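What the coordinates show
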Protein chains: 2
Amino acid sequence: MRYIQKAEYGVPPSTSIDESDPLFVQAIARAMQVLSAFHAAGKPLTLNEIAAAGGLGKSGAQRVVHTLRQLGYVERDADDRGYVPGIRILDHTRDYLRLNPLVARASPVLMELRRTVRERVDLSLRDGLRLVYAARLQSKRETFFATLVGQSVPIYCTSGGRAVMAHMSDAEVDEIIERSERREITPKTITDPGAIRAKVQEARENGYALALEEILQGEIAIATALVAPDGTPLGAIHIAGSLSEWDAETFCRRFAPLAGEAAGAINRF
Amino acid sequence: MRYIQKAEYGVPPSTSIDESDPLFVQAIARAMQVLSAFHAAGKPLTLNEIAAAGGLGKSGAQRVVHTLRQLGYVERDADDRGYVPGIRILDHTRDYLRLNPLVARASPVLMELRRTVRERVDLSLRDGLRLVYAARLQSKRETFFATLVGQSVPIYCTSGGRAVMAHMSDAEVDEIIERSERREITPKTITDPGAIRAKVQEARENGYALALEEILQGEIAIATALVAPDGTPLGAIHIAGSLSEWDAETFCRRFAPLAGEAAGAINRF
DNA sequence: AACCAAGTATCGCTGTACGATACATTCGTA
DNA sequence: TACGAATGTATCGTACAGCGATACTTGGTT
């Protein structure tokens, strides 16, 4: 059995909460740590691995896993070699997507956009230093695992991220750049603070952001921001294509207006 | 702000576990009950609503919601009118899909199938009396909310369900029929046990299952089962189209062989 | 056959989480 | 503008839920 590698670039949000809050139920935090152990996993995990990753003892892991198993949030792997996340998780996925008003508003517009552009169209939502993909309308050729709901990418080096940053103050942008763990995900990834600021400025002027192969070789993406009524950026719309079919200039000329219209339609309710 | 109605036909799996199991951490169960409160919600929920739906007191709900909020699994609604599921849920969605070997194996085949048939293609997984959609490759026209990951449908009255039942013993099929809460979801939904058994038998003979408007008016769907090496059915592949474009016979003649091939390719590793 | 690791079971003590209640704040209505 | 209802927030003493050390079972590997 082959399992998919983890390959998650986005930094999971800081789990550095806790402390002695009288309302904080730590058993729940333990459960979520156990579930989060799978974020870094590329295969089913054993109890001990879960214990280690979740930062708790064997007994604790045993109890938590047992409980989550009863409830359907953790399952035994098909060939009984370890634990994997359980199907009940998907029920909550549905709830999240259904009840997120931005997703609700954006969806018909995205479908329409996808129909027009015939390239991949994504909706991502901001969570701290990353963007999380909430809706993905694939085009023909990509592999499914490059386009999973729940995948996340860093803000600092993506088209969507820069579209989002374009709607922030310079101070906020600097803070994001500062706090991000800036790695060269591909050789083309822009990691220099000054260069990132320049790209953000460019996005402000153009009304859309562009990224070339900064996450994936051969990929070109443009994005426009989705904002709250008060102007706070909440996420982005992405259009992504292949550099084997497009040069950057044509891609932008063709799709930037469409991405702009779509974002506009969503932003004004 | 408009919110999407619940409209979930599949029966959520029984949460009738618990009792006095020494390894069972009930605080975790409480947390999951709170998250599950959103399954029946069509709008953000207040603390009291969550307490009621989750079957616990106000204090308990307060603590659990507080904790889940710290962790990002629950958020305040945008206009501060109630609570909604939080974005961290999507991280676990991704883990589930990544680590499910069936999804992993099926995905490339599904993408290829989608390219060929140009209609909606879905992958569903069995969970008790229902099928949960794990991957959905939309066609042009549907509304996004009809095609959410995590949506579930009953086994007894769907093409996928009957494809799955076709790989079970008569006794197992009867048990599913018996335990299912059989409602007429549309006027065309087949709810009579004998009629269901006949459709299952038909699926056994044809190697695929057919359903006409049993879940959604105007929809035609065929499905083939995905099975474990030992023959246990695990889920199904669906191809769904519109009756405004297809008559049943043409649809079957055209797509049944393709659905069969795809399932075959996935089933033999 | 012998070993090692994974999963399962047991148990007494402690500190976590329980739930009642009281407070604060925001909303809709008169 | 004042009122009342409902929502979210804070506090506190007590009981029992969950903690973690340890020991047992099972199954796969060398």
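None of the values given here were measured: they were computed from a predicted structure.

1. Observations regarding the overall build of chain A
- Counting its secondary structure elements, chain A contains 9 helices and 8 strands.
- The globule rule puts the C-alpha radius of gyration for 269 residues at 18 Å, and the 20 Å found for chain A is close to it.
- Taken over the C-alpha atoms alone, chain A extends approximately 60 × 40 × 40 Å along its principal axes.
- Residues classed as buried in chain A amount to 58% of the 269 residues present.
- Restricting the contact set of chain A to residue pairs at least 6 apart, pairs at least 24 apart contribute 55%.
- Accessible area of chain A: about 11,100 Å², with a carbon and sulfur share of 49%.
- The positive charge centre, built from 33 side chains, and the negative charge centre, built from 34, are 5 Å apart in chain A.

2. As for the confidence of the model for chain A
- Scored by pLDDT, chain A has a mean of 91; 93% of the residues are at 70 or more.
- In the model, residues 1–7 of chain A has pLDDT below 50 throughout and makes 19 contacts with residues more than four positions away in sequence or in other chains.

3. Digging into the protein's contact with DNA strand C
- As a structural note, the neighbourhood of DNA strand C is formed by 16 residues, with L47, N48 and R76 of chain A together with R30 and R63 of chain B the closest of them.
- At the protein interface, 50% of the atoms of DNA strand C within 4 Å belong to sugar or phosphate.
- In the model, a phosphate oxygen of DNA strand C is placed 2.8 Å from a nitrogen or oxygen of the R63 of chain B side chain.
- Listed by contribution, the elements that provide at least two residues to the surface near DNA strand C are α1 (26–36), α2 (47–54) and α3 (58–71) of chain A together with α3 (58–71) of chain B.

4. Some details on the relation of the copies chain B and chain A
- With an RMSD of 0.0 Å, the fit of chain B onto chain A corresponds to turning through 180° and sliding 0.0 Å along the axis. Such a combination of turn and shift is consistent with a two-fold rotation axis. Residue I28 of chain B of chain B places its C-alpha closer to the rotation axis than any other residue of that unit, at 2.7 Å.

5. Section: the protein's contact with DNA strand D
- The local shell around DNA strand D holds 15 residues, among which R30 and R63 of chain A together with L47, N48 and R76 of chain B are the closest.
- Sugar and phosphate atoms constitute 49% of the interface atoms of DNA strand D, taking the interface as everything within 4 Å of the protein.
- Between DNA strand D and Q26 of chain B there is a distance of 3.2 Å, counted from a phosphate oxygen to a backbone nitrogen or oxygen.
- One nitrogen or oxygen atom from the side chain of N48 of chain B is found 2.6 Å from a phosphate oxygen belonging to DNA strand D.
- Secondary structure elements with two or more residues in the surface near DNA strand D: α3 of chain A together with α1 (26–36), α2 (47–54) and α3 of chain B.
- In terms of residue count, the dominant contributor to the surface near DNA strand D is α3 of chain B (3 residues).

6. Topic: the nonpolar core
- Of all hydrophobic cores here, the largest spans 52 residues; its most connected members are M32 and L68 of chain A together with M32 and L68 of chain B.
- If we skip the residues at most four places from it in the chain, L68 of chain B touches I28 and M32 of chain A together with A31, V34, L35, Y73 and V74 of chain B.

7. With respect to empty space enclosed by the protein
- Overall, the coordinates contain 3 cavities of 30 Å³ or more when judged by the stated rule.
- Quantified by volume, the largest cavity comes out at close to 170 Å³.
- Along the wall of the largest cavity there are 18 residues; nearest its centre are R136 and V149 of chain A together with R136, Q138 and V149 of chain B.
- In terms of residue class, the lining of the largest cavity is built from 12 nonpolar, 4 polar and 2 charged.
- Its volume calculated, the second largest cavity comes out at about 100 Å³.
- Around the second largest cavity, the lining residues are M32, L35, Y73, I89 and H92 of chain A together with M32, L35, Y73, I89 and H92 of chain B.
- Those elements giving two or more residues to the lining of the second largest cavity turn out to be α1 and α4 (88–99) of chain A together with α1 and α4 (88–99) of chain B.
- When grouped by side-chain class, the residues that make up the lining of the second largest cavity number 8 nonpolar, 2 polar and no charged.

8. A word on the sheet that holds strand β5 (residues 152–154) of chain B
All names here are of chain B.
- Here we have 6 strands laid out as an open sheet, ordered β5-β4-β3-β8-β7-β6, and antiparallel in their pairing. Only two strands of the sheet have a single neighbouring strand rather than two, namely β5 and β6 (209–212). Strand-to-strand twist in this sheet, taken as the mean axis angle between neighbours without regard to direction, amounts to 30°.
- Bridge count for strand β4 (residues 130–137) against β5 is 3 bridges, and the pairing is antiparallel.

9. Quick look at unusual backbone geometry
Residues and elements named next belong to chain A.
- The backbone of D80 sits at a positive phi, close to 55°, despite the residue not being glycine.
- Along the chain, D80 turns up in the loop between β1 (74–76) and β2 (83–85).
- Of note in this structure, R118 is not a glycine but carries a positive phi near 60°.
- Residue placement: R118 occurs in the loop between α5 (101–117) and β3 (120–127).
- Of the residues examined, R118 reaches a relative accessible area of 48% and is grouped as partly exposed.

10. Observations regarding the interface of chain B and chain A
- Of the residues lining the interface, 80 residues belong to chain B; the matching set on chain A comes to 80 residues.
- Across the chain B to chain A interface the summed buried area is about 7,300 Å²; carbon plus sulfur atoms make up 70%.
- The shortest N-O distance in the salt bridge between R130 of chain A and D91 of chain B comes to 2.8 Å.
- Where chain B packs against chain A, one counts 15 residue pairs in polar contact (both at pLDDT 80 or more).
- Those elements giving two or more residues to the side of chain B that touches chain A turn out to be α1, α3, β2 (83–85), α4, α5 (101–117), β3 (120–127) and β4 of chain B.
- Top contributing element to the side of chain B that touches chain A by residue count: α4 of chain B, with 12 residues.
- Of the residues assigned to the side of chain B that touches chain A, the class counts are 43 nonpolar, 17 polar and 20 charged.

The rules we used
- Residues numbered from 1 in each chain as written.
- Chains lettered and ligands numbered in written order.
- Predicted model: local features only at pLDDT ≥ 70, side-chain atom pairs only at ≥ 80, totals over all residues.
- Heavy atoms only, no water.
- Helix = DSSP H or I, 4+ residues; strand = E, 2+ residues; numbered from the N terminus.
- Rg over C-alpha atoms; globule rule 2.2 N^0.38 Å.
- Buried < 20%, exposed > 50% of the residue type's maximum accessible area, 1.4 Å probe, protein only.
- Contact = heavy atoms within 4.5 Å.
- Areas by Shrake-Rupley, 256 points an atom, 1.4 Å probe, with all protein chains shown as cover.
- Lys, Arg positive; Asp, Glu negative; His and termini not counted.
- Charge placed at Lys NZ, Arg CZ, Asp CG, Glu CD.
- pLDDT = per-residue confidence, 0-100.
- Near = heavy atom within 4 Å.
- Polar contact = N/O pair within 3.5 Å; in protein donor to acceptor, adjacent residues only side chain to side chain.
- Least-squares fit on C-alpha atoms with pLDDT ≥ 70 in both.
- Core = buried A, V, L, I, M, F, W, Y, C linked by side-chain atoms within 4.5 Å.
- 1 Å grid on protein atoms, 1.4 Å probe; cavity = no way out; pocket = protein on both sides within 12 Å on 5 of 7 lines; lining within 4 Å.
- Points joined across faces, edges and corners; volume = space filled by probe spheres on them.
- Nonpolar A, V, L, I, M, F, W, Y, C, P; charged D, E, K, R; others polar.
- Pairing = 2+ DSSP bridges.
- Axes fitted to C-alpha atoms, helices over the stretch in contact; angles between N-to-C directions.
- Buried area = accessible area lost by both parts, 1.4 Å probe.
- Salt bridge = Lys/Arg side-chain N within 4 Å of Asp/Glu carboxyl O.

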